Amino acid sequence: MSNIMHKHTQQLSREQLTRILAILRKEQTASLKLTNLSILDLINGEINSGPIVIDEGYIVALGAEAEHLQAEHIVDCKGQIAVPGFIDGHMHVETSTMTPFEFERTTLPLGTTSIVCDPHELVNVVGKEGFEWFLRCSEMTHQNMFVQVSSCVPAVSGLDINGSDFTLDEMKAYLDHPHVLGLAEVMDYPSVLNGHPAMLDKLAAFSELNLDGHCPLLSGLELSGYVASGIQNCHETVSYREGKEKLTKGMAVIIREGSVAKNLDALAPLITEYSSPLCLLCTDDRNPHEIAKEGHLNYLVKRLIQHHKIKPHLAYRVASWSAAKHFGLRRLGLIAPGYKADLNLMTDLHQVDIQQVLIGGKFVDQLKLAASVSDKLAISAPPLQPSMRHKTVTADELKIDLKTGDYNVISIVKDELITDHLICRFDGCQFTETNINKLTIVERYGHQLPPAMGLVKGFELSQGAIASSVGHDSHNIVAIGVDEESMAQAINHLLAIGGGYCVVQNGKITADLMLPLGGIMSLESSEMIARQIEILKDAAKRIGITVAEPFVQMSFLALPVIPSLKMTVKGLFDVNQFKLIDLRLEPSITT
């Protein structure tokens, strides 16, 4: 059994505890006292009067008993209400396209004081070096950044080509790191259910820690097997019925509202007084444009309260204490003695109008986060080596020899990562279904494989092409277009700029976003990224695209662990049958 004792789960140090006890005996003075405020009690659902006394980043006492305790600094909170800082139960910093330091600058003032992240996007590109960079970043952020050990690199062995392996021996080296809580999302559920030795070895190695899940649409005996393996949560739940079964079987449901996968409305009814300890919130994949327009976890809490009429103490509970309990973060998630002073102060619980945020007893607006981003990034030494190593692509390589017959077509589902599997007829001139575009996945790690070709419905391009080097989780190039020339131009542009997004119209690049860090992350500010995404979305609309988040939606067409039909560099993959299939169905032979 591991001897891990995380810095946020361990007991207070002897020195800290001695100070707190002396303050409670009124023999010493605390560092900070927040007065003239109310406190939301997440356990009893009550609103109590302050103050809150804090010393060296931890809460000493609160309420009437704290009135006569002394402090060096007293802050009048002018009638505001204090709630615990928010905890994102599952997310990938990389899919925000920001570095961890820029992510912190952007989301910490919105009340997200802790994140549980899986850096498997970058690990798929550069391997162990990417994971170690994230750990270095976690040691430099004010935001509590917990890094789960990426479990599936690539998502499913043998189905795709990525940039690097991440072996079990490499993974086990991080078991004792103070910012590691456990094993990240186990996406290869067939290997779990079939008892593959390599997968069982991973589960055994991390059995004393958290085991994060990923099992969209799994139910019945298969879900029972997945839960019996020790996996404790899932963020891929899409329906109330699916979520209810998972809760009944003891699995925590992490309710997601990302840029594309929007499951909060379907799953909000799961949250009750009984179930709330097993209901958490997460963003998974949320980009700066959505964060600027709507918010981060603060948006999810607000929607739960205003749209779904969830009682405020339950909405704030699933945004903080539920996650803290689930991940064993014994000093986070509540406003209580001995807990870390991560607080959100607001004037209206229903509006979630956060006015001030404290992290470790320090006001975030006094930390000067913006001034430290570039310095911290340089000191952290990010892996900036080139990762786009495919030769130039020609239009001829992207041609599909369409013959009369039936074809397997990926059809996107609005606000979901799951897709439908269509069988569409080509009559020799055109498809009987409308709005079908060409899709390609181009391996980018130097193997020089020919592009894999497919068909997709739902993007509705009428001209040109779009392309992205963000293609979950192996991150090969994904392109969708009307004609081969535009697709080749888009792909070659990404190869030239070192990765990113782009739009082609009338033979010209009309918009792009450079992602030089692994071809998936920008070094720019969140405001600049948000502006560039807005320009990209407008350019995409001009070529006919109707999808709200085309680049995020497109990136998940390459993830072969989410039903029903996806695509890798090896071709079309039927997730339900868990096998590669041909683009064109073989004609049936009649006798």
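One can find the structure itself at the top, above this paragraph.
It should be emphasised that the depicted structure is a prediction, and the values quoted were computed from it without experimental measurement.

(A) Fine view of the pattern of salt bridges. Under the defined criterion, the tally for this structure stands at 22 salt bridges. Residue Glu 527 pairs with Arg 105 through a salt bridge whose shortest N-O separation is 2.5 Å. Of this pair, Glu 527 sits in helix 17 (residues 526-542) while Arg 105 sits in helix 2 (residues 100-107), placing them 422 residues apart in sequence. Take Glu 527: its relative accessible area is 39%, and that puts it in the partly exposed class. Residue classification places Arg 105 among the buried positions, given a relative accessible area of 19%. Shared partners join several salt bridges into a network, and the residues in it are Arg 19, Asp 55 and Glu 56.

(B) Spatial organisation of helix 2. With 8 of its 8 residues buried, helix 2 lies for the most part within the structure. Among all positions in helix 2, only Pro 100, Phe 101, Glu 102, Phe 103, Glu 104, Arg 105, Thr 106 and Thr 107 are buried.

(C) Main features of the packing of helix 2 against helix 15 (residues 369-380). Contact geometry for helix 2 and helix 15: axes closest at 8 Å, N-to-C directions at 160°. Classified by the interaxial angle, the pair formed by helix 2 and helix 15 is roughly antiparallel. In this structure, helix 2 meets helix 15 at a crossing whose hand is right-handed. Along the contact surface, helix 2 presents Phe 101, Glu 102, Glu 104 and Arg 105, while helix 15 presents Leu 369, Ala 370, Val 373, Lys 376, Leu 377 and Ser 380. Here the residues of the contact of helix 2 with helix 15 sort into 5 nonpolar, 1 polar and 4 charged.

(D) Structural detail: the pairing of strand 4 (residues 58-62). Across the 5 residues that make up strand 4, a large majority, 5, are buried. Relative to strand 4, strand 3 (residues 52-55) runs antiparallel, the two sharing 4 bridges. By the bridge assignment, Ile 54 is partnered in strand 4 with Ile 59.

(E) Highlighting the pairing of strand 1 (residues 30-41). Alignment of strand 1 against strand 5 (residues 71-84), held across 8 bridges, turns out to be parallel. Note that in strand 5 the partner of Leu 32 across the bridge is His 73. Note that strand 1 and strand 2 (residues 46-49) share 4 bridges and pair antiparallel. Looking at strand 2, one finds that Leu 40 is bridged to Ile 47.

(F) Quick peek at the sheet that holds strand 26 (residues 571-574). Strand order across the open sheet formed by 3 strands is 25-26-27, with antiparallel pairing between neighbours. At either margin of the open sheet sits one strand with a lone partner, and together these are strand 25 (565-568) and strand 27 (579-581). Mean inter-strand twist for the sheet, computed between neighbouring axes without regard to direction, equals 45°. In the sheet, strand 26 pairs with strand 27 via 3 bridges, with the strands oriented antiparallel.

(G) The nonpolar core, seen in detail. Of all hydrophobic cores here, the largest spans 128 residues; its most connected members are Phe 131, Tyr 226, Phe 459, Ile 466 and Ile 480. Ranked by residue count, the leading element in this core is helix 16 (residues 484-497), at 7 residues. The contact partners of Ile 466, leaving out residues within four places of it in the chain, are Phe 459, Leu 461, Val 478, Ala 479, Ile 480, Cys 502, Val 503, Ile 543, Ile 545, Pro 550, Phe 551 and Met 554. Membership of the second largest hydrophobic core comes to 41 residues, among which are Phe 86, Leu 300, Ile 305 and Tyr 339.

(H) The sheet that holds strand 6 (residues 86-91), seen in detail. As summarised here, the arrangement of the 3 strands in space is 6-7-8, forming an open sheet in which the pairing is parallel. The two strands at the open ends of the sheet, each matched to only one other strand, are strand 6 and strand 8 (144-147). On average, adjacent strands in this sheet sit at an angle of 15° to one another, irrespective of strand direction. Sitting on the sheet, helix 12 (residues 297-306) touches strand 6 and strand 7 (112-117), and the angle it makes with strand 6 is about 105°.

Rules used in this analysis
Residues numbered from 1 in each chain as written. Predicted model: local features only at pLDDT ≥ 70, side-chain atom pairs only at ≥ 80, totals over all residues. Heavy atoms only, no water. Salt bridge = Lys/Arg side-chain N within 4 Å of Asp/Glu carboxyl O. Helix = DSSP H or I, 4+ residues; strand = E, 2+ residues; numbered from the N terminus. Buried < 20%, exposed > 50% of the residue type's maximum accessible area, 1.4 Å probe, protein only. Axes fitted to C-alpha atoms, helices over the stretch in contact; angles between N-to-C directions. Parallel < 35°, antiparallel > 145°, perpendicular 65-115°, else oblique. Left-handed = near helix turned anticlockwise from the far one by under 90°. Contact = heavy atoms within 4.5 Å. Nonpolar A, V, L, I, M, F, W, Y, C, P; charged D, E, K, R; others polar. Pairing = 2+ DSSP bridges. Core = buried A, V, L, I, M, F, W, Y, C linked by side-chain atoms within 4.5 Å.

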